[in-house]
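Here is how the chains run, residue by residue.
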Amino acid sequence: MSDNTAKANPPVTNPRLAKEEKLKALLSAGHTAYPHVFKRSHQAQELQNKYAELAPGAETEDKVAVAGRVMSSRNNGLFLDLQDASGKIQVFCHKDSMPADQLARLDFIDIGDIVGARGTIRRTPRGELSVRAVEIEILTKSLQPLPEKYHGLSDVEQRYRQRYVDLIMNEDSRNVLRIRSKIVQSIREYMNALGAIEVETPMLHGIMGGASAKPFITRHNALDADFFLRVAPELHLKRLIVGGLADVVYEIGRCFRNEGLSIKHNPEFTTIESYHAYKDYNDIMDLVEDLVRSIVLKIHGTDKVIYDGKEIDFGKAWPRRSMVDLVKDATGVDFMAIADANDAHAAARKLQIPVDPKAGWGKVVEAMFAEKVEHTLIQPIHVIDLPLEISPLAKTHRNNDRLVERFETYINGWEIANAFTELNDPKIQLARFEEQVSAREAGDEEAQMLDDDFVTALEFGLPPTAGWGMGIDRLTMILTDSKNIREVIAFPTLKPKKLA
RNA sequence: GACCGCGUAGCUCAGCCGGUAGAGCACAUCACUUUUAAUGAUGGGGUCGUGGGUUCGAAUCCCACCGCGGUCACCA
């Protein structure tokens with residue numbers, strides 16, 4: 001208003017308030033802070049590529065229009081660094097190139113604002129490709145101060161809670177999520193090329209099944225019913241094979257497990273699961289190996305990847321070793337020579353590995369594997385022929401009734417994929433479900449529930465089928481050298497901030 | 001869930017054997033028209049995570065709580 005009011009107010013020094021003041025000034029000067037559109041001619045990286053050979057000091061008449069966020073400003077706005085989704089380009093705002101009214105707009109522009117600039121391409125004598133601006137325009141006024149330009153945003157909590165700030169500031173964060181997108185896209189392309197069809201099955205399940213896990217429970221009001229958020233899409237996908245929808249179906253989507261968080265576990269995570277009629281687990285081993293190798297090649301251009309300083313070689317043929325053999329290599333104990341659970345427990349005690357006293361032979365073997373073998377499996381390997389006891393949905397091994405035709409693929413000591421020849425005998429499936437129910441009643445919260453309708457589906461007839469699932473988050477971690485699963489998830493689960 | 005560590009300005013960090021809070025960036029004003037973390041001068045900005053305790057006095061010591069990270073346990 002009057003000069004008096006202006007003088008009465010102390011100078012605005014809070015960065016946030018200063019931006020509000022500048023917004024007001026911008027509006028009173030007759031500009032808009034949020035115009036509807038700006039016609040760009042190029043992205044920054046396109047120009048960097050197109051003019052890669054332009055010599056320092058060279059001026060062109062080539063007119064371009066660029067837009068992006070102002071990441072830094074030097075010499076009083078003479079040089080602005082614009083960042084767009086492709087990269088960066090400098091905007092050069094010289095008084096000799098800009099009409100006075102355009103030059104005056106610089107007063108309203110802050111670091112963090114999104115601006116558009118029109119002008120000609122040049123390379124400065126110091127070698128920086130620049131747009132010599134004739135016109136400049138605020139496309140979006142930013143009201144929040146950006147983190148410090150040199151160190152950026154490093155506070156882990158804030159990076160995840162305000163991922164948009166992290167993405168503005170950290171190219172590494174942008175790259176990880178971009179690679180994740182490419183991985184998912186590569187999987188789709190691969191599956192579609194097989195003639196598979198992509199499907200979507202329910203996330204709200206009335207019965208928990210498809211994996212051993214603790215579920216989230218939620219409520220549908222109108223139906224007055226509780227639902228489980230799915231722990232796996234498995235049982236629905238097999239129903240689609242029963243229905244003959246396609247010989248190969250796959251789903252890429254979220255699963256939810258109500259368990260602990262860790263650098264390898266987020267409560268919601270993404271898997272691909274796929275089912276293949278008239279195939280067995282041997283076929284799936286070939287498929288998983290070929291698929292993963294092709295993704296690695298597409299992402300990295302080589303079949304070798306460095307994770308945490310270790311080279312992982314996806315190129316060589318992946319070994320196929322039985323779980324019991326691997327345990328034998330690591331411990332000297334041949335569990336196939338051990339007939340019953342008591343002897344298995346005795347062997348575990350001798351190896352000083354704690355095991356749940358209720359565990360049967362199969363769970364003891366699994367515990368030995370988890371303790372002695374798992375972490376050593378850095379290079380890709382298919383661990384095959386797992387105990388039946390821990391595999392209620394897999395078909396009994398054709399040569400050994402204590403085992404199933406199942407494999408887990410390990411890379412970097414982590415289970416990346418899990419697959420089996422599907423159990424399709426409805427009577428055996430019913431019996432396996434009943435064992436799960438008993439385990440549940442005995443206190444095993446992760447045991448599955450009896451899915452009657454799934455048994456009915458099997459009674460209609462599931463063709464010989466093999467299926468598999470793969471954790472996309474973990475694969476992405478390995479391919480982006482990420483040490484924490486939260487890095488590969490745009491918005492990882494965090495405890496909600498309590499309101500004061 | 002258990003244990004260990006961390007929480008100071010918008011951001012990155014000092015300060016922590018108790019004596020009433022500092023730097024750089026950012027912000028404001030000024031100077032400067034070929035910079036690259038631009039530069040120089042001046043200035044403003046803090047419930048030191050929250051609550052309680054010990055003390056003449058607490059960012060600093062103690063306790064509880066909240067949030068985050070790491071390790072372990074369960075799990076993909």
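The structure under discussion appears in the preceding block.
Each value, and the rule that gives it
Residues numbered from 1 in each chain as written. Chains lettered and ligands numbered in written order. Predicted model: local features only at pLDDT ≥ 70, side-chain atom pairs only at ≥ 80, totals over all residues. Heavy atoms only, no water. Helix = DSSP H or I, 4+ residues; strand = E, 2+ residues; numbered from the N terminus. Rg over C-alpha atoms; globule rule 2.2 N^0.38 Å. Buried < 20%, exposed > 50% of the residue type's maximum accessible area, 1.4 Å probe, protein only. Contact = heavy atoms within 4.5 Å. Areas by Shrake-Rupley, 256 points an atom, 1.4 Å probe, with all protein chains shown as cover. Lys, Arg positive; Asp, Glu negative; His and termini not counted. Charge placed at Lys NZ, Arg CZ, Asp CG, Glu CD. Phe/Tyr/Trp six-rings, centres within 6.5 Å; stacked < 30°, edge-to-face > 60°. Lys NZ or Arg CZ within 6 Å of the ring centre and 35° of its normal. Pairing = 2+ DSSP bridges. Arc of directions from axis to C-beta. Near = heavy atom within 4 Å. Polar contact = N/O pair within 3.5 Å; in protein donor to acceptor, adjacent residues only side chain to side chain. Nonpolar A, V, L, I, M, F, W, Y, C, P; charged D, E, K, R; others polar.

Engineer: Even after reading the chapter, I still don't get the overall build of chain A, so can you show me in this structure?
Structural biologist: In terms of helices and strands, chain A carries 15 helices and 20 strands. Relative to the globule expectation of 23 Å for 500 residues, the C-alpha radius of gyration of chain A, 30 Å, shows a markedly less compact shape. For chain A, the C-alpha atoms occupy an extent of roughly 90 × 55 × 50 Å along the three principal directions. Every one of the 500 residues in chain A was classed for burial, and the buried ones make up 49%. Residue pairs in contact within chain A that sit at least 24 positions apart in sequence constitute 67% of those at least 6 positions apart. Carbon together with sulfur atoms contributes 51% to the accessible area of chain A, which is approximately 24,900 Å² in total. Mean positive and mean negative side-chain charge positions of chain A (64 and 74 charges, respectively) differ by 6 Å.

Engineer: I would appreciate a short explanation of the packing of aromatic side chains in the present structure.
Structural biologist: Where two aromatic rings form a pair, the distance of their centres and the angle of their planes describe that pair. Applying the stated rule across the entire model yields 5 aromatic pairs. Ring centres of Phe433 and Phe454 lie 6.2 Å apart, and the angle between their planes is 80°; this geometry places the pair in the edge-to-face category. Residue Phe433 is located in helix 13 (residues 426-441), and its partner Phe454 is located in helix 14 (residues 452-461); the two are separated by 21 residues in the primary sequence. The side chain of Lys483 reaches across the aromatic face of Tyr307, ending 5.2 Å from its centre.

Engineer: Even after reading the chapter, I still don't get the sheet that holds strand 7 (residues 204-205), so can you show me in this structure?
Structural biologist: Neighbouring strands of a sheet are bound in pairs by backbone hydrogen bonds; such pairs are parallel or else antiparallel. Strand order in the open sheet made by the 3 strands is 7-9-8, with antiparallel pairing throughout. Here the strands that pair on one side only, and so sit at the sheet edges, are strand 7 and strand 8 (217-220). Bridging between strand 7 and strand 9 (residues 225-229) involves 2 bridges; their strand directions are antiparallel. The residue of strand 9 that forms the bridge with His205 is Phe228.

Engineer: Explain helix 11 (residues 341-350) here, please?
Structural biologist: Counting along an α-helix, one turn takes 3.6 residues, and residues three or four places apart therefore face a common direction. For helix 11, every residue scored as buried is listed here: Ala344, His345, Ala347 and Ala348. Considered in projection along helix 11, the buried side chains sweep an arc of 160° and stay on one side of the axis. Of the residues in helix 11, the exposed ones pointing more than 90 degrees away from the buried face are Asn342, Arg349 and Lys350.

Engineer: Would you mind going over unusual backbone geometry with me for this structure?
Structural biologist: Negative phi characterises most residues that are not glycine, and trans characterises most peptide bonds. Positive phi outside glycine occurs at Asp224, with the angle close to 50°. Mapped onto the elements, Asp224 comes out in the loop between strand 8 and strand 9. With a phi close to 60°, Asn412 is a non-glycine residue in the positive phi region. A relative accessible area of 7% means that Asn412 is categorised as buried.

Engineer: Please clarify how the protein's contact with RNA strand B should be interpreted in this entry.
Structural biologist: As a structural note, the neighbourhood of RNA strand B is formed by 51 residues, with Asn76, Arg126, His265, Arg474 and Arg486 the closest of them. The sugar-phosphate backbone supplies 57% of the atoms of RNA strand B found within 4 Å of the protein. Here Glu415 contributes a backbone N or O atom positioned 3.1 Å from a sugar or linking oxygen of RNA strand B. Among the elements of the structure, helix 2 (15-28), strand 1 (59-74), strand 3 (88-92) and helix 5 (156-161) are those that each provide at least two residues to the surface near RNA strand B. Tallying contributions element by element places helix 5 first for the surface near RNA strand B, with 4 residues. Grouping the constituent residues of the surface near RNA strand B by class yields 15 nonpolar, 15 polar and 21 charged.

Engineer: Explain the environment of Leu245 to me, please; I cannot follow it from the model alone.
Structural biologist: Residue placement: Leu245 occurs in the loop between helix 8 (234-242) and strand 10 (248-256). On a C-alpha basis, the gap between Leu245 and Asp280 in space is 19 Å, while along the polypeptide they are 35 residues apart. Setting aside residues up to four positions removed in sequence, Leu245 forms contacts with Ile197, Val199 and Leu240.

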